Amino acid sequence: MILTREEEAMAAGQYGPGMEKCITFLIKFGEALGADKLVKVASAHVFNAFPLELLADLTEGVDQAETFTTIHPFMSLCDPLSYEKMGISKEHCIPKNNDHDRRSEIYRRLGFFETYTCVPMYIGNFPKKGDHVSWFGSSTQLFINSIVGAKQNRDGAVVNMAIAITGRAPNWGFFLDKNRHAEVLVDIKGLDTASLTTSDYSAMGYYIGGIAQERNVAINGLSRDIVLERIKYLLHPLSISGAVSICHLVGITPEAPDLETALGHKKPKETVYVGAEEIKKTKDKFYSESEQIDLVILGCPHCSIQELKKIASLLKNKQIGSNQGLWIGTAHQLYDLAETMGYAKTIKKANGIISRSCMATIPDCAIPDDVKTVATNSFKTAHYISIISKDRIKADIPIMDSFDKDILEVIKTGDHVKVLGEQGLIITA
Ligand code: F3S
């Protein structure tokens, strides 16, 4: 592998033992993958709950990391600012948060920005087309590859951390233009896209991911008017039911000005048609017979400020019942803005809880035992909660179509939760 003088000096230990370990690991990793060189990354985004001892080892003698780096959400629902309000036990979170404080010291020393969100692009970590980056989290990886056209591999937590510390990444995989074209073409021309809800877009992504698996995708037929929030819900499930790293949206995303370019001027290996039937069947995979919804989870991926505004507007002068909950995931930087705008006050007044946690409850679903049914507009949340809770908790996606139609009624009237189909989600307590 060709190294610069600076990289050779890092490998020789001149930048401290941590830097030496990280770059040596990346050189070996890159050589095994056939990388010809290391390239400088424009930014990194790292896993929050990185094992403490390994982190201390990899950062020994390192004062500043070599690239702009943000941090993923709190895992295990253990955001110190919200877990008690959410009814998550201290026994569960205290040990995890002990590690968090010591980890946080290291992150600060390195100059990592304590963002605790899975939408770093909403709060200032925003590379340009063609930049090389290393972001932790399959969904953020997919977003940045597809929507921005920055170049990102599916780096695991350790490779990702070594890249953040050294500011260098092996030149392989999706860094190479030849690996970025689509092989699977998705044709949605038969769909009336104007009538699709956010959950419909999310279902489309979940369905396509299951077919495409790890192959690159191009979706043809979306309207250029599609808003970023919907793109977010469309893309994120592709890395849950599958392991898609790039999904071009023809006529919308930077590497897909037209279909031929998205496909690299080749024929697709497979063409998939998505219509109303596929969307309905996919949504029905997460449908609960129960009339009672115990908890509504929004913000997987974390909510944008526009989503917080909408939630606040739907909650105005309403109250969530004492036996029910509404959890909303977002970045604390957006929470600050929501406070300034008055949205946070409305949400809190209605007993909604805003958290910097991973709302899909990864890795151990510490949702309180009395919660049996969760309504969510995120397939990622529905998928993970069902699996991690071993079906103790049922997820319901179709119910959230009401949210898309601007209905999220949360009314305090009795002891039960009732879901009234077309009238929306009515939570009573
Ligand atoms: Fe974010 Fe966790 Fe969902 S990291 S995208 S809330 S799975």
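Residues numbered from 1 in each chain as written. Predicted model: local features only at pLDDT ≥ 70, side-chain atom pairs only at ≥ 80, totals over all residues. Heavy atoms only, no water.

Novice: Mind showing me how you'd approach the sheet that holds strand β9 (residues 247–249) here?
Specialist: The strands making up a sheet associate through hydrogen bonds between their backbones, and the pairing can be parallel or antiparallel. Within the open sheet, the four strands sit side by side as β9-β8-β7-β10. Their pairing is parallel. The sheet is open, and its two borders are formed by β9 and β10 (270–273), each paired with just one other strand. Between one strand axis and the next, the sheet turns by 20° as a mean value, whatever way the strands run. With four bridges connecting them, strand β7 (residues 184–187) and strand β8 (residues 217–220) associate as parallel partners. When the bridges of β8 are listed, Val184 appears paired with Val217. (Pairing = 2+ DSSP bridges. Helix = DSSP H or I, 4+ residues; strand = E, 2+ residues; numbered from the N terminus. Axes fitted to C-alpha atoms, helices over the stretch in contact; angles between N-to-C directions.)

Novice: Looking at this model, I keep getting lost on the packing of aromatic side chains. Mind explaining?
Specialist: How two aromatic rings sit relative to each other is set out by the distance from centre to centre and by the angle between their planes. Going through the model one piece at a time under the given rule, you end up with nine aromatic pairs. Where Phe286 meets Phe379, the ring centres are 5.7 Å apart and the plane angle is 80°; that geometry is what we call edge-to-face. Separated by 93 residues along the polypeptide, Phe286 in the loop between α10 (276–283) and β11 (295–303) and Phe379 in helix α14 (residues 379–388) bring together distant segments of the chain. A connected cluster of aromatic rings, assembled from ring pairs, spans Phe25, Phe29 and Trp172. (Phe/Tyr/Trp six-rings, centres within 6.5 Å; stacked < 30°, edge-to-face > 60°.)

Novice: Teacher, can you tell me more about the sheet that holds strand β3 (residues 69–71) here?
Specialist: The four strands are arranged β3-β2-β4-β5 in an open sheet whose pairing can be described as parallel. The open sheet has two edge strands with one neighbour each: β3 and β5 (151–152). Against the sheet, helix α6 (residues 157–166) contacts β2 (43–46), β3 and β4 (132–135), and its axis sits at roughly 140° relative to β2. (Contact = heavy atoms within 4.5 Å.)

Novice: Explain the pattern of salt bridges here, please?
Specialist: A side chain of one charge can pair with a side chain of the opposite charge when the charged atoms of the two come close. Within this structure, the stated rule accounts for 19 salt bridges. The residue Lys232 makes a salt bridge to Glu307 at a minimum N-O spacing of 2.7 Å. Here the residue Lys232 occupies a position in helix α8 (residues 228–235), and Glu307 occupies one in helix α11 (residues 305–315), the gap between them amounting to 75 residues. We classify Lys232 as buried; its relative accessible area is 0%. The buried category is assigned to Glu307, whose relative accessible area is 11%. Lys280 is the salt-bridge partner of Asp284, the closest N and O atoms lying 2.7 Å from each other. (Salt bridge = Lys/Arg side-chain N within 4 Å of Asp/Glu carboxyl O. Buried < 20%, exposed > 50% of the residue type's maximum accessible area, 1.4 Å probe, protein only.)

Novice: Honestly, the site of the ligand in this entry has me stumped. Any pointers?
Specialist: Surrounding the ligand, one finds His72, Pro73, Cys118, Cys300, Pro301, Cys358, Met359, Ala360, Ile362 and Lys380. Its residues assigned to classes, the shell around the ligand shows eight nonpolar, one polar and one charged. Inspection of the shell around the ligand shows a minimum of three residues originating in each of domain 1 (5–177) and domain 3 (286–428). (Near = heavy atom within 4 Å. Nonpolar A, V, L, I, M, F, W, Y, C, P; charged D, E, K, R; others polar. Domains from an automatic or database assignment.)

Novice: What am I meant to see in the environment of Gln306 here?
Specialist: Structurally, the position occupied by Gln306 is in helix α11. When its relative accessible area of 49% is taken as the criterion, Gln306 is described as partly exposed.

Novice: Would you explain the side chain of Ser104 in this entry?
Specialist: Structurally, Ser104 is set in helix α4 (residues 90–110). On the accessibility criterion, Ser104 (6% relative accessible area) is buried. Leave out the neighbours within four places in its chain, and Ser104 touches Glu114 and Tyr116.

Novice: Can you help me understand the confidence of the model for the protein chain in this one?
Specialist: Confidence in the prediction of the protein chain, expressed as mean pLDDT, is 92, and 94% of residues score 70 or more. Contacts of residues 411–429 to residues separated by more than four positions or lying in other chains number 59 contacts, the stretch itself having pLDDT below 50. (pLDDT = per-residue confidence, 0-100.)

Novice: What's the story with the domain arrangement of the protein chain in this structure? I'm lost.
Specialist: Put simply, an interface is often sized by how much accessible area is lost when its parts join up. As assigned here, the protein chain comprises domain 1 (5–177), domain 2 (181–283) and domain 3 (286–428). The straight-line distance from the C-alpha centre of domain 1 to that of domain 2 is 28 Å. The interface of domain 1 with domain 2 comprises 17 residues on the first partner and 19 residues on the second. Counting the surface lost from both domain 1 and domain 2, the interface buries some 1,600 Å², and carbon and sulfur atoms represent 61% of this. One can count zero salt bridges joining domain 1 with domain 2. Seen at the junction of domain 1 and domain 2, the total is four residue pairs in polar contact (both at pLDDT 80 or more). (Buried area = accessible area lost by both parts, 1.4 Å probe. Polar contact = N/O pair within 3.5 Å; in protein donor to acceptor, adjacent residues only side chain to side chain.)

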